Amino acid sequence: MDTKTQIETLRQELREHNHNYYVLDRPVISDYEFDMKLKELQALEEKYPEFHDPNSPTIRVGGAITKNFETVVHEHRMYSLDNSYSKDDLADWEKRIQRILGDVPLEFTCELKYDGASISLSYLDGKLDRAVTRGDGFQGDKVTTNIKTIKSIPLQLRGNYPSKFDIRGEIILPLEGFAQMNAQRVADGEDPYMNPRNTASGSLKLQDSALVAERPLDCLLYGIVGKDLGISSQYQMLEKAREWGFKVPTIAKLCQSTEEVMEFVDHWDRHRHELPYETDGVVIKVNSLRYQDELGYTAKSPRWALAYKFKAEQAVTVLNKITYQVGRTGAITPVANLEPVLLAGTTVKRASLHNADQIAKLDIREGDTVYVEKGGEIIPKIMGVNLAKRPKDSTPTVYITHCPECDTPLLRTEGDAKHYCTNYYGCPTQITGRIQHYISRKAMDIEGMGSETVELLFKEGLIENYADLYTLTKEQVMPLERMAEKSAENLVNGVAKSVEIPFERVLFALGIRFVGETVAKKLARAYKNIDALMAASEEELTAVDEIGERIAKSVVEFFQDERNLLIVERLKGYGVQFELSADKLLNQTELLKGQTFVVSGVFAQLSRNELKKMIEDNGGKVGSSVSSKTNYLVAGDNMGPSKRSKAENLGVPIISEADFLNMVP
Ligand code: AMP
Ligand code: ZN
């Protein structure tokens, strides 16, 4: 087989597997086998750049950066939908339609109304050409690079598709993936995202497509527009889209009457919480496309479609008590403890109150009768207070001034919505929280040890920080509650084994505020070892791609603290990895040490990511914007004019890809 065929065969195979896994939810090979094939393809594509394909399955991992999203005009306008809330609304709609069409027999296609961000995908000759957000309906932002990382969206269609069409759908974040993302954020010391819809929609405009690729986004399709599609009904349209490789929920139903439509609405109003994603209603569409044509559009929506909105689910209950949680970074979160109430299929006992401002804004008090709603949010929200039911002796909530765990006065810095307990080293919840983070799966992944064990070890005075874990002996651990010889042994072995965990994860495990998994990787790559990182100033840190002031400040503060330095020294002594491993250092030099590069535009020989990697591999730093600290601007085609003029003004040398390649081995 020649190389070209080999590459094409692999691409075809990977496309098939993507479709099986992400669209049909029926994988036929293991994740491992898939990764192996993908790696093989990546290696071949790197070696033979002449066979580059912008729609290759390797594009899914992301990496390309979009600084400014181009605004483009939709070829076909994206309309809004009229809303209805009752059976009467539905009957009125049918009457209006029948008046126009002249009392013909009607069929309706019912689909769920997926709650996410609308998107329009344009396909040309079976290939994804561009993806555009809804915007104002006439024009939106081109987010193709980010959209290509969503694995259920076909980059190459299958079967017998028209040569040109747009397909509309909703980018969603399934609930389980959303919950996992939030668990990770909390573990990283960051505030959880509010709801899946906003997070999905925010994801589309992230500059780094690699970050989009990490999010478990999905895309559900519902409508095709174009000429000569050979389709005669909405229901057939859904079937066709499925055939061509799109993800179209099979829940859609063809109904013969509005009575049947109501049955569908009632059914899903009751069962929507069993779905893996959020919906906010049912979209009812006249099935025949000929009738749709005849009905046409009002100023903002089609006459042939109607959104039947589900009622926002609310419950009324009593707020018994406001309590306060302390996170591992010291952040305080107020929690409403409610009289248990049934809401959206689950019993709700607690609701987040977010912060002091939120409580003040709604004047929420203990003893109040409150309205709880589960809108887009996973954690229910308090929407308001029934003042008529407020107890006579009620007094306004006074926010705590001291940590509920250690009684240290709380601090709230300008611009931060949260209060913090500053007793970093003495607050028991923060201490155990940090150790729990250190041993967690994505950090040091210490087997044989869980959160409760950490609390127990701390209570017994055996550990006070994560360095102490390495001094634990079997004899010390065995007498603890629920410990046996075997489990004690596992624990000690698990700790010992953690010295194999690579530097970037150790850096994450240290629990520096705002240094999540991705940031830890970036810092490890840029600095290669802990000593270099500890020596970095705030300014130097912000010159690293994607590292903002908030992170830089937090890193510098962490290493300014003597106690942290001592812990790091001890960990070093126990053999924990504090530099990138040898195979990561291979091909690396110090040739560009101390030099900061900004990379802009499109390059002929290297992708922008390869170029950045070469800079970092040779000891240089990649900056995100041109400043007086920049040593070189590496300019490719289509570089932004503002970067060029800024470099010229500051006297930063502008070099070509070829110039750069001459600087490195
Ligand atoms: P609205 O923004 O409330 O006017 O509702 C219109 C939006 O509903 C459209 O822009 C779509 O993005 C979204 N939508 C979700 N599911 C569907 C569906 N099955 N059919 C049509 N539109 C849908
Ligand atoms: Zn405290």
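Before reading on, note that the structure itself is shown above.
Predicted model, so just to flag it, every value in this text is computed and none were measured. (Residues numbered from 1 in each chain as written. Chains lettered and ligands numbered in written order. Predicted model: local features only at pLDDT ≥ 70, side-chain atom pairs only at ≥ 80, totals over all residues. Heavy atoms only, no water.)

Engineer: Where do I start with the site of ligand 1 in this structure?
Structural biologist: Around ligand 1, the structure places Ser-80, Leu-81, Glu-111, Leu-112, Lys-113, Tyr-114, Ser-118, Arg-134, Glu-170, Tyr-222, Val-283 and Lys-285. Arg-134 has a polar side-chain atom sitting 2.6 Å from an oxygen atom of ligand 1. For ligand 1, the accessible surface in isolation is 500 Å², of which the surrounding protein chains cover 88%. Mapped by element, the contributors of at least two residues to the shell around ligand 1 are strand E3 (108-114) and strand E10 (279-286). It is E3 that provides the largest number of residues to the shell around ligand 1, a total of four residues. Looking at the shell around ligand 1, its residues break down into five nonpolar, two polar and five charged. (Near = heavy atom within 4 Å. Polar contact = N/O pair within 3.5 Å; in protein donor to acceptor, adjacent residues only side chain to side chain. Areas by Shrake-Rupley, 256 points an atom, 1.4 Å probe, with all protein chains shown as cover. Helix = DSSP H or I, 4+ residues; strand = E, 2+ residues; numbered from the N terminus. Nonpolar A, V, L, I, M, F, W, Y, C, P; charged D, E, K, R; others polar.)

Engineer: Explain helix H17 (residues 517-527) to me, please; I cannot follow it from the model alone.
Structural biologist: Since one α-helical turn is 3.6 residues long, residues separated by three or four positions face the same way. Buried within H17 we find Val-519, Ala-520, Leu-523, Ala-524, Ala-526 and Tyr-527. Seen end-on, H17 carries its buried residues on one side only, within an arc spanning 170 degrees. In this structure, the buried side of H17 is in contact with helix H16 (503-509), helix H18 (530-535), helix H19 (538-542), helix H20 (549-560) and strand E20 (621-623). Lys-528 occupies a position one or two residues after H17 and carries a positive phi of about 70 degrees. (Buried < 20%, exposed > 50% of the residue type's maximum accessible area, 1.4 Å probe, protein only. Arc of directions from axis to C-beta. Contact = heavy atoms within 4.5 Å.)

Engineer: I keep staring at the sheet that holds strand E4 (residues 117-124) and nothing clicks. Help me out?
Structural biologist: Adjacent strands of a sheet pair through backbone hydrogen bonds, lying either parallel or antiparallel. What the four strands build is an open sheet, ordered E5-E4-E7-E8; its pairing is antiparallel. Looking at strand neighbours, the two that pair on one side only are strand E5 (127-133) and strand E8 (218-225), the edges of this open sheet. Here the average twist between neighbouring strands, direction ignored, is 30 degrees. Strand direction decides the pairing type here: E4 and strand E7 (residues 164-172), joined by eight bridges, are antiparallel. The residue bridging Ala-117 from the neighbouring strand is Ile-171, located in E7. (Pairing = 2+ DSSP bridges. Axes fitted to C-alpha atoms, helices over the stretch in contact; angles between N-to-C directions.)

Engineer: When you look at the packing of helix H12 (residues 428-439) against helix H13 (residues 451-459) in this model, what are you seeing that I'm missing?
Structural biologist: Packed helices, taken two at a time, are described by their axes: the angle between them and the distance between them. The N-to-C vectors of H12 and H13 enclose an angle of 135 degrees; their axes lie 9 Å apart at closest approach. Relative to H13, H12 is oriented oblique. For the pair H12 and H13, the sense of crossing is right-handed. Each of Pro-428, Ile-431, Thr-432, Ile-435, Gln-436 and Ile-439 in H12 lies in contact with H13, whose residues at this interface are Ser-451, Val-454, Glu-455 and Phe-458. A per-class count over the contact of H12 with H13 returns six nonpolar, three polar and one charged. (Parallel < 35°, antiparallel > 145°, perpendicular 65-115°, else oblique. Left-handed = near helix turned anticlockwise from the far one by under 90°.)

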